[in-house]
Amino acid sequence: MSVAEIKPHLDAAKGAPATRGPVGVAVVVFTLTTLMAASLLFTVEPMVAKMLLPIYGGSPMVWNTSMLFFQVALLLGYTYAHLSQRLLGARWQPLVHIPLVVVPLLVLPMSLPGWAVSGGSAPVALWLLLVLTAVVGAPFAVLSTIGPLIQRWYSWAGLPRSKDPYFLYAASNVGSMLALLAYPFLIEPAADLEAQARWWALGYRVFVVLVVACVLIIRFRSSRTPAEASAEEETATEEAAERITWRRRLRWLGLAFIPSSLMLGATTHISTDIAPVPLMWVVPLALYLATFIIAFGSKKHRWLGHTVTIAALSAAVIPWTLFIIGPDFIGILLALTLVLVAGLACHGLLAKDRPDPRRLTEFFLIISLGGAFGGAFNTLVAPVVFNWTAEFPLVVTSLAVLPILLRRMDATTRWNLPGAAVSVKAFVVAAPLVLLAGTIVLRLGASSFLPAVLVIGVPWCVLAIRRPRMMAIGVALSTALLLWYRMPTDSIRMRTFFGNYHVYMDGSGRRMFGHGSTVHGFQFTGGPLRTTPVAYFGRSGPFGDLFTAYGERSSRVAIVGLGTGVMAAYGHQGQTMDFYEIDPVVLRIASNWFSYLTDSKADVNAIVGDGRLELEKVPDGSYGMIVLDAFTSDSVPPHLLTYEALQLYTRKLAPGGVLAFNVTNRSLDLAPMLAATARAAGLASMTGNGAEDPQKIYYHSRWVAIARKDADLRPLRAKSWRWHTPPAGGPVWTDAHSSLFGVLNVGR
């Protein structure tokens, strides 16, 4: 807003009565209502998603699908707020809203329905959206209306600063941020999910009381003087006179779409290889929310041009570096930095272009629609259109158009013939540079990605700051080259709700199976090694020790997580091996491109479904050995390692049997946590490590063996050089308390 626009609001604020007595109480009530609504919204998001993780296999897509639901519910709430205040006005709209606020009390406290597990015929994402609608749809939709609606109510009440109620929007953002950060650090460690649901229901009841108080304040102060009535008519005339073009609306839509999609892409990038737990979810979302607070909290946007430039530079570099560095610590910081910078740039442009407060509800309605489109793109469209996570670099690429957009907003320039000529020149200059970088990469291999970006990409970006069209075209070419490089013709890629898979030949006679950024196994296509257990499961490694000691004497073995099916190579005549796999596509890969299952001497069964849920259906004492080898890329689904899960596995274990956990991981040391959880459950445990051989037939691996009592682990003590008893101490991981896991166990 300009100084001329701000000055009347400042003068009105100076002339407003002091906020004491009934007026001061009214301001406090409106502020508390805003804070309570925002806090409840951003507390229920991680809480409900966490409820669903055990049912949907710990997939990062659980959070992305949940976020899509929340964005759509927010859109519906904003739509209701925009239309109802226009149609019903100050006299009737608050009264009509009270029954809507009360209705959700009938479905609280929240709990999952018995049909929450997806049926095999329904798409998982759509079924999950249906479950979320039943569990939290009503209260979330009602809470989402309060953001824009409470500001409109405040303006109707004639309270101090009623002509500029943006301070309530700031209070809403503060409440959202505090609740979001409080969940993993305060709420989850203090209470289990059932208790959290009860306390949330109590908080909603307090919110209902506050809403009724706001309505009473509006009714109490609703008597209008003739001057005020005239002012309302003048406001209506001005509102009708202020025209917002569709081009401007589309710009708002796009600027809201980009950071929403990037936030979800960064969350997937991080949680896929570490752990899909609340701590991994709330950090990108908190940064995304912080950019709203900073952008809309500042009335001067001198920093905007610099931020947009940085975002464009990030667009030119990050699509390459994300796939060089990967999901390690530096890669995570890079992804989070992108969320922050891109959010500041896009939301800063939105704040700079925000309309008069009289069009506030329409403005936020369009922003919420753009956010919902971003969620739908990542959750519903991208998994169908792309066979790998291409949406992240593609949306990053779109940041390169921000400098062009900023110039058009400032100068109101239009695309014309001279502009087209400049774009052609930009293409002529940018294309050789990009092709040169690509040639270096293809000649020298993947290790040259980062040097190519640093030597060619960054200087070119710096020189192109004043040539935004050149930058946009160059970035588009870079991303196109990346997409071409990532999709070789001799490989097979598949993508499902549970992950993206890659089957390819490595040039040395091995067929590889990758999940996300991690190789999960391989098989030699010929020779004597074709039926040999490889990768993390070599006979000379920890798993070989485990199977020799327990698996060979067990008539029935359970394996949670199929992969290539390599563990079937250990099977012998008369033995039954039950593989539990949540994704039917993985079963198809193991059956069609690898032969371990068909070559096995054992009777092999494949059960499609979440391993923990399927094991509950098996009679107690069924298995002499249970192997937990489920992964989402490099991440072990958290619900498979909890205190409650160990109790379930132990019931299904025959006397003298063993639980074998593959906890190999690049980012987290899972063994201390799992050992501490086993001790809390009254079980004994040992940890074993295997080294990679020079020919890379066997990979480095880390295993944890758990049994009912210490005597059951004696067969492993003979391998004392490879197996040891873990030291005492460490966190215990339960179904309800797991978000601090990433903080307590990072590193090796």
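The rules behind the values
Residues numbered from 1 in each chain as written. Predicted model: local features only at pLDDT ≥ 70, side-chain atom pairs only at ≥ 80, totals over all residues. Heavy atoms only, no water. Helix = DSSP H or I, 4+ residues; strand = E, 2+ residues; numbered from the N terminus. Buried < 20%, exposed > 50% of the residue type's maximum accessible area, 1.4 Å probe, protein only. Contact = heavy atoms within 4.5 Å. Areas by Shrake-Rupley, 256 points an atom, 1.4 Å probe, with all protein chains shown as cover. Phe/Tyr/Trp six-rings, centres within 6.5 Å; stacked < 30°, edge-to-face > 60°. Pairing = 2+ DSSP bridges. Axes fitted to C-alpha atoms, helices over the stretch in contact; angles between N-to-C directions. pLDDT = per-residue confidence, 0-100. Core = buried A, V, L, I, M, F, W, Y, C linked by side-chain atoms within 4.5 Å. Salt bridge = Lys/Arg side-chain N within 4 Å of Asp/Glu carboxyl O. Patch = residues over 30% accessible without salt bridge, like charges linked within 9 Å, V, L, I, M, F, W, Y side chains within 5 Å.

What about the overall build of the protein chain?
Link 1 in the chain: In terms of regular secondary structure, the protein chain is built from 26 helices and 12 strands.
Link 2 in the chain: Across the 748 residues in the protein chain, those meeting the buried criterion constitute 57%.
Link 3 in the chain: Sequence separation of 24 or more characterises 78% of the internal contacts of the protein chain that already satisfy a separation of 6 or more.
Link 4 in the chain: Accessible area of the protein chain: about 30700 Å², with a carbon and sulfur share of 65%.

Quick notes on the packing of aromatic side chains
For any two aromatic rings, the description comes down to two numbers: the centre-to-centre distance and the angle of the planes.
Link 1 in the chain: Under the counting rule described, the total for this entry stands at 22 aromatic pairs.
Link 2 in the chain: Considering the side-chain rings of F69 and F140, the 6.5 Å spacing of their centres and the 45° angle between planes classify their relative orientation as tilted. Note that F69 is positioned in helix α3 (residues 61-102) and F140 in helix α4 (residues 124-144), a separation of 71 residues in sequence. The same class applies to F69 as to F140, namely buried.
Link 3 in the chain: Look at F522 and F524: their rings are 5.8 Å apart centre to centre, the planes differ by 80°, and that puts the pair in the edge-to-face class.

Looking at helix α19 (residues 542-551)
Link 1 in the chain: Of all 10 residues in α19, nine are buried; the element is thus mostly enclosed.
Link 2 in the chain: For α19, the full list of buried residues reads P542, F543, G544, D545, L546, F547, A549, Y550 and G551.

Details of the side chain of E391
Link 1 in the chain: As for its position among the elements, E391 is in helix α14 (residues 391-398).
Link 2 in the chain: When its relative accessible area of 6% is taken as the criterion, E391 is described as buried.
Link 3 in the chain: Discounting chain neighbours no more than four positions away, the residues touching E391 are F377, N378, A382, F386 and R495.

Side note on the sheet that holds strand β2 (residues 499-505)
Link 1 in the chain: One open sheet accounts for four strands, arranged β1-β2-β3-β4; its pairing is antiparallel. Among the strands making up the open sheet, the edge pair consists of β1 (491-496) and β4 (518-524). Direction aside, neighbouring strands of the sheet carry axes that sit 15° apart on average.
Link 2 in the chain: In the sheet, strand β3 (residues 510-515) pairs with β4 via six bridges, with the strands oriented antiparallel. Its bridge partner lying in β4, G514 is registered against V519.

Remarks on the confidence of the model for the protein chain
Link 1 in the chain: In the predicted model, the protein chain carries a mean pLDDT of 76, and 71% of its residues have values of at least 70.
Link 2 in the chain: Across residues 1-21, where pLDDT falls below 50, the model places 13 contacts with residues more than four positions away in sequence or in other chains.
Link 3 in the chain: pLDDT under 50 marks residues 224-241. Its contacts with residues more than four places away, or in other chains, come to eight contacts.

Brief notes about helix α24 (residues 671-680)
Link 1 in the chain: Counting buried positions over the 10 residues of α24 gives seven, a clear majority of the element.
Link 2 in the chain: Restricting attention to buried positions, one finds in α24 the residues A671, M673, L674, A675, A676, T677 and A678.
Link 3 in the chain: G682 sits one or two positions beyond α24 and adopts a positive phi of about 75°.

Details of the nonpolar core
Link 1 in the chain: The biggest cluster of nonpolar side chains holds 167 residues, and the ones touching the most others in it are F30, W153, Y204, F207, L546 and M625.
Link 2 in the chain: With 14 residues, the top contributor of residues to this core is helix α2 (residues 21-52).
Link 3 in the chain: Apart from the residues lying within four places of it in its own chain, the contact partners of F207 are T33, M36, A37, L40, V101, V142, L143 and I146.
Link 4 in the chain: In this structure, A645, L648, F661 and V663 belong to the second largest nonpolar core, which totals 30 residues.

Some points on unusual backbone geometry
Link 1 in the chain: Between L108 and P109 the backbone carries a cis peptide bond, its omega angle lying at -5°.
Link 2 in the chain: Locating P109 in the fold gives a position in the loop between α3 and α4.
Link 3 in the chain: Backbone geometry at A535 places phi at a positive 60°, although glycine is not the residue there.
Link 4 in the chain: Its place among the elements puts A535 in the loop between β4 and α19.

Focus: the sheet that holds strand β5 (residues 556-560)
Link 1 in the chain: One open sheet holds the eight strands; their spatial order is β7-β6-β5-β8-β9-β11-β10-β12, and the pairing between them is mixed. Each having just a single partner strand, β7 (603-608) and β12 (723-724) make up the two edges of the open sheet.
Link 2 in the chain: Summarising the sheet, β5 and strand β6 (residues 576-581) pair through five bridges and their orientation is parallel. Paired with A558 across the strands is D578, a residue of β6.
Link 3 in the chain: Contacting β9 (653-662), β10 (684-690) and β11 (701-707), α24 runs over the sheet at an angle of about 0° to β11.

Here we look at the pattern of salt bridges
Link 1 in the chain: In this structure the tally under the stated criterion is 11 salt bridges.
Link 2 in the chain: Between R251 and D353 there is a salt bridge; the shortest N-O distance is 3.1 Å. Residue R251 is found in helix α9 (residues 246-271), and its partner D353 is found in the loop between α12 (329-352) and α13 (360-385); the two are separated by 102 residues along the sequence.
Link 3 in the chain: In this structure, R530 and D599 form a salt bridge, with 2.9 Å as the shortest nitrogen-oxygen distance. With R530 in the loop between β4 and α19 and D599 in helix α21 (residues 596-599), this residue pair connects regions lying 69 residues apart in the sequence.
Link 4 in the chain: When its relative accessible area of 30% is taken as the criterion, R530 is described as partly exposed.
Link 5 in the chain: Note on D599: relative accessible area 34%, which makes it partly exposed.
Link 6 in the chain: Overlapping salt bridges bring together R248, R251 and D353 as one network.

Focus: a nonpolar patch on the surface
Link 1 in the chain: Together, L83, L87, L88, W92, L95 and V96 make up an exposed nonpolar region whose accessible area comes to about 570 Å².
Link 2 in the chain: Look at L88 and you get partly exposed, because its relative accessible area is 33%.

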